[in-house]
Amino acid sequence: MSTTNKVHIYGPDFSTFVRSVMLICEELGVTYTTGFSANGKAIEFKSDEHFKLHPYGKLPILLHGELVLPETTSICRYLQENFSDTKTHWTSAQLAAEHDAFCAIIALYIDKAIVRDYLLEFVFPKGENKQVRMDVVQSNRLALQRALEIIEVEINRGELLGTDKFTIADALVMPMLQYLTTLPAEVNCLEGFNAIKNYVERSMQRASCKKALKSDNKPIA
């Protein structure tokens, strides 16, 4: 367990993946700051300095002492291993591997379907006069629904999401779903996904979610 209980998360606190790291910090009682800086120095997004921290100019990036660690799932796992006496122990190697695989699916594919290709069109519309391109929304609706189906199945399975343990998978998916619930019902595609609705409502009762997940900011990559 680390003796330095403070980290910095490079990135804005309205980013879905930054919020994933914030959730883990809140769950573990880790003191953290967020923003476009490193070791007290401002680092502009996509600047040369940023690319030195992450070779592809992505975020979040965890700064802890001398450690510079990119990629959300790896950051969350490091925090769990370094700041928890109990850590997260799965009952089997198979379940641990399934969790890691599902985290990869969330970060690579579900995030794309929910955030990159759908939510961001409402937050940063690219149509004429900055209007939402409803044709783009409609063309991406099926992929969004497929992503929601995958999440719904996993919630109902009751192994990786929504258990009595707050998992990295929970931390990855909750910011996406919470933002989705802020869209009008006719476009958030949540109709019929009762397990997801209940899951979000339950999760938002956690102190970590109440603090880290706020709908007053815009999500970005």
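Just above, that's the structure.
Overview of the structure.

Rules and cut-offs
Residues numbered from 1 in each chain as written. Predicted model: local features only at pLDDT ≥ 70, side-chain atom pairs only at ≥ 80, totals over all residues. Heavy atoms only, no water. Core = buried A, V, L, I, M, F, W, Y, C linked by side-chain atoms within 4.5 Å. Buried < 20%, exposed > 50% of the residue type's maximum accessible area, 1.4 Å probe, protein only. Contact = heavy atoms within 4.5 Å. Salt bridge = Lys/Arg side-chain N within 4 Å of Asp/Glu carboxyl O. Helix = DSSP H or I, 4+ residues; strand = E, 2+ residues; numbered from the N terminus.

## Quick look at the nonpolar core
Point 1. Ranked by size, the top nonpolar core spans 67 residues in total, and within it Leu-79, Ile-114, Leu-148, Ile-151, Leu-177 and Ile-196 carry the most contacts.
Point 2. Other than its neighbours up to four places away in sequence, Leu-79 contacts Val-7, Val-21, Ile-24, Cys-25, Leu-28, Leu-62 and Ser-84.

## Observations concerning the pattern of salt bridges
Once the charged atoms of two side chains with opposite charge are near each other, the side chains can pair.
Point 1. In total, this model carries ten salt bridges according to the counting rule given.
Point 2. Taken together, the shared-partner salt bridges connect Glu-98, Glu-154 and Arg-157 into one network.

## Digging into the environment of Phe-36
Point 1. Structurally, Phe-36 can be placed in the loop between strand S2 (31–35) and strand S3 (37–38).
Point 2. Along the backbone, Phe-36 and Pro-60 are 24 residues apart, and their C-alpha atoms lie at a distance of 9.9 Å.
Point 3. Excluding its chain neighbours within four sequence positions, the residues that come into contact with Phe-36 are Tyr-10, Gly-11, Pro-12, Lys-41, Ala-42, Ile-43, Phe-45 and Leu-59.

## What about the environment of Glu-71?
Point 1. Secondary-structure assignment places Glu-71 in the loop between strand S6 (67–70) and helix H3 (72–83).
Point 2. Considered as a pair, Glu-71 and Leu-59 are twelve residues apart in the sequence and their alpha carbons are 7.1 Å apart.
Point 3. Setting aside its immediate chain neighbours within four residues, Glu-71 contacts His-54 and Pro-60.

Read these as layout, nothing more, since geometry by itself doesn't imply function.
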